[in-house]
Amino acid sequence: MNIGIVCYPTFGGSGVLATELGKALADKGHNIHFITYQQPVRLSGFNANIFYHEVRVPTYPLFDYPPYETALASTMVDVILKNNVQLLHVHYAIPHASAAFMAKQILAKRGIKIPVVTTLHGTDITLVGKDKTYSPVVTFSMNESDAITAVSKNLRDETFRNFKMEKEIQVIYNFVDVKRFNRKPIDAFKKVIAPANEKILLHASNFRKVKRVEDVVKVFVKVNAEIPSKLLFVGDGPERPYIETLCRESEVCNDIRFLGKQEQMEDILAISDVFLLPSEYESFGLAALEAMAAAVPVISTNAGGLPEINVNGVSGFLSNVGDIDDMCKNALHILTDEKMLKKFKDGALAHANKFDINNIVPEYEALYNTFI
Ligand code: GMT
């Protein structure tokens, strides 16, 4: 198949998932055309079946806001015509689903039918999409898609709750390449981070308010008072300067490191003992799944779709949003007993296997096959 994939090229979960899907489909022999404004961060290396088409948004003195959606729709039309693309799969509704609708209409005038699959990822529904500034366009363009998928049951339910849906929404869970995350710890790296063999706690995110990164610090302060430990932060975003200040002013400052944006998550996960995700909401929590695939237990909240991914008492623990004491208690339960740590590591990996790339990608292929 010739498939067009539209996504945000940044470190956000939707872009990561879309890129990993494209790479997996290319490995299976499909031709994948990525249409984005930048090379997606996870799209490195050469694959003969992968093509990257940049959306250029020319500026003009009249434009205070350059019309990205128009540029995207025009690029979609161009890429589809030149490459015989048979299906468009857009990730994150805004503005990808409405741009796809526009491209579809333009092509229909030329007698070309292009099916559009829209995958909902989270904030496109729960935060930004339901805002009245966007909601009429999001509702319309979702309903005009030929198929809609959501990355968890919770997100599907949230979509029905917040929008007037006229179509079914198929749940296709996010996936992870479990094999790729099965790495041996690099001893030299571990020694640098935890020279006295301290336990390593990890948080990775885009540092938005919804992630409640402050709670990570609060949990760590309490854990650190009980056991020798280190905290690693991966990622960057609007809350990071505030969190850095908070850490600098705390008594555990010397036990915290900010690693910034990292592409080699496997190596960082391989030396980590626990992953912290205290989010206010997660439709899925791809970062948690990647941790589980690396056999790292997850201490998370029970918000949104997280209970569908992190099984309480098996792959980690779930707490109410903001319940620092409970998250600390759970982390210590896992970290203070080596047998317990091993049990949770095994539990995390076993549950991650259910979301393995080889189980989930065929679900997308089966969906595409209903249109082609
Ligand atoms: O917060 C992010 O990582 C970015 C955001 C997005 O929409 O790009 O992530 C959402 O999609 C991810 C991939 O499906 C999910 O794993 C995240 O849980 C979801 N984020 C939220 O729901 C807040």
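Residues numbered from 1 in each chain as written. Predicted model: local features only at pLDDT ≥ 70, side-chain atom pairs only at ≥ 80, totals over all residues. Heavy atoms only, no water.

The environment of the ligand is formed by 18 residues, the closest being Ser14, His121, Asn174, Arg208 and Glu282. At 2.5 Å from an oxygen atom of the ligand is found a side-chain nitrogen or oxygen belonging to Arg208. Phe284 places a polar main-chain atom, nitrogen or oxygen, 3.2 Å from an oxygen atom of the ligand. Of the residues assigned to the shell around the ligand, the class counts are 5 nonpolar, 10 polar and 3 charged. Of the domains in this structure, domain 1 (2-175 + 357-369) and domain 2 (178-355) are the two that each give at least three residues to the shell around the ligand. (Near = heavy atom within 4 Å. Polar contact = N/O pair within 3.5 Å; in protein donor to acceptor, adjacent residues only side chain to side chain. Nonpolar A, V, L, I, M, F, W, Y, C, P; charged D, E, K, R; others polar. Domains from an automatic or database assignment.)

It is worth spelling out helix H12 (residues 286-293) at this point. Burial of H12 is extensive: 7 of the 8 residues sit out of reach of the surface. Every buried residue belonging to H12 is among Leu286, Ala288, Leu289, Glu290, Ala291, Met292 and Ala293, and all of these are buried. Two residues or fewer past H12, Ala295 is found with a positive phi of approximately 60 degrees. (Buried < 20%, exposed > 50% of the residue type's maximum accessible area, 1.4 Å probe, protein only. Helix = DSSP H or I, 4+ residues; strand = E, 2+ residues; numbered from the N terminus.)

We now examine the nonpolar core. Leu269 and Phe275 are the most contacted members of the largest nonpolar core, which has 72 residues in total. Looking at this core, the element that brings in the most residues is helix H1 (residues 13-27), giving 7 residues. Of the residues that make up this core, three or more belong to each of domain 1 (2-175 + 357-369) and domain 2 (178-355). Look past the residues within four positions of Leu269 in its chain and what remains in contact with it is Phe181, Leu202, Phe275, Glu290, Ala291, Ala294 and Val296. Judged by nonpolar contacts, the second largest core, of 29 residues, contains Ile227, Phe317, Ile324 and Met327. (Core = buried A, V, L, I, M, F, W, Y, C linked by side-chain atoms within 4.5 Å. Contact = heavy atoms within 4.5 Å.)

According to the domain assignment, the protein chain consists of domain 1 (2-175 + 357-369) and domain 2 (178-355). Its C-alpha centre places domain 1 at a distance of 30 Å from the equivalent point of domain 2. Each partner contributes residues to the interface: domain 1 has 23 residues there, and domain 2 has 17 residues. Surface buried jointly by domain 1 and domain 2 totals about 1600 Å² across both partners, of which 53% is contributed by carbon and sulfur atoms. Between domain 1 and domain 2 we count 2 salt bridges in total. Close ionic contact of Glu20 with Arg180 constitutes a salt bridge, the shortest N to O distance being 3.1 Å. Summed over the shared surface of domain 1 and domain 2, the number is 9 residue pairs in polar contact (both at pLDDT 80 or more). Elements represented by at least two residues in the side of domain 1 that touches domain 2 include exactly H1, helix H4 (123-126), helix H6 (153-162) and helix H16 (357-369). Residue classes in the side of domain 1 that touches domain 2 are distributed as 10 nonpolar, 9 polar and 4 charged. (Buried area = accessible area lost by both parts, 1.4 Å probe. Salt bridge = Lys/Arg side-chain N within 4 Å of Asp/Glu carboxyl O.)

Checked against the element boundaries, Tyr134 lands in the loop between H4 and helix H5 (135-144). Given a relative accessible area of 37%, Tyr134 falls into the partly exposed group. Sequence separation between Tyr134 and Ile94 is 40 residues, and the spatial gap between their C-alpha atoms is 8.2 Å. Apart from the residues within four sequence positions on either side, Tyr134 is in contact with Ile94, Val128 and Gly129.

Here we have 6 strands laid out as an open sheet, ordered S10-S9-S8-S11-S12-S13, and parallel in their pairing. Each edge of the open sheet carries a strand with a single partner, namely strand S10 (256-260) and strand S13 (316-319). Across the sheet, the mean angle separating the axes of adjacent strands is 20 degrees when strand polarity is ignored. Pairing of strand S8 (residues 199-204) with strand S9 (residues 229-234), which is carried by 6 bridges, proceeds in the parallel orientation. When the sheet's bridge partners are listed, Ala204 is paired in S9 with Val234. In this fold helix H14 (residues 324-335) packs onto S8, strand S11 (274-277), strand S12 (298-301) and S13, with an angle of close to 170 degrees to the strand it touches most, S13. (Pairing = 2+ DSSP bridges. Axes fitted to C-alpha atoms, helices over the stretch in contact; angles between N-to-C directions.)

With that settled, consider the pattern of salt bridges. Following the criterion strictly, the structure yields 24 salt bridges and no others. Among the salt bridges present, the one from Glu290 reaches Arg42, with a minimum N-O distance of 3.2 Å. Of the two residues, Glu290 sits in helix H12 while Arg42 sits in the loop between strand S2 (31-36) and strand S3 (50-54), which places them 248 residues apart along the sequence. By relative accessible area, Glu290 is classed as buried at 9%. The network of salt bridges with shared partners includes Glu20, Lys23, Arg42, Arg180, Arg183, Glu266, Asp267 and Glu290.

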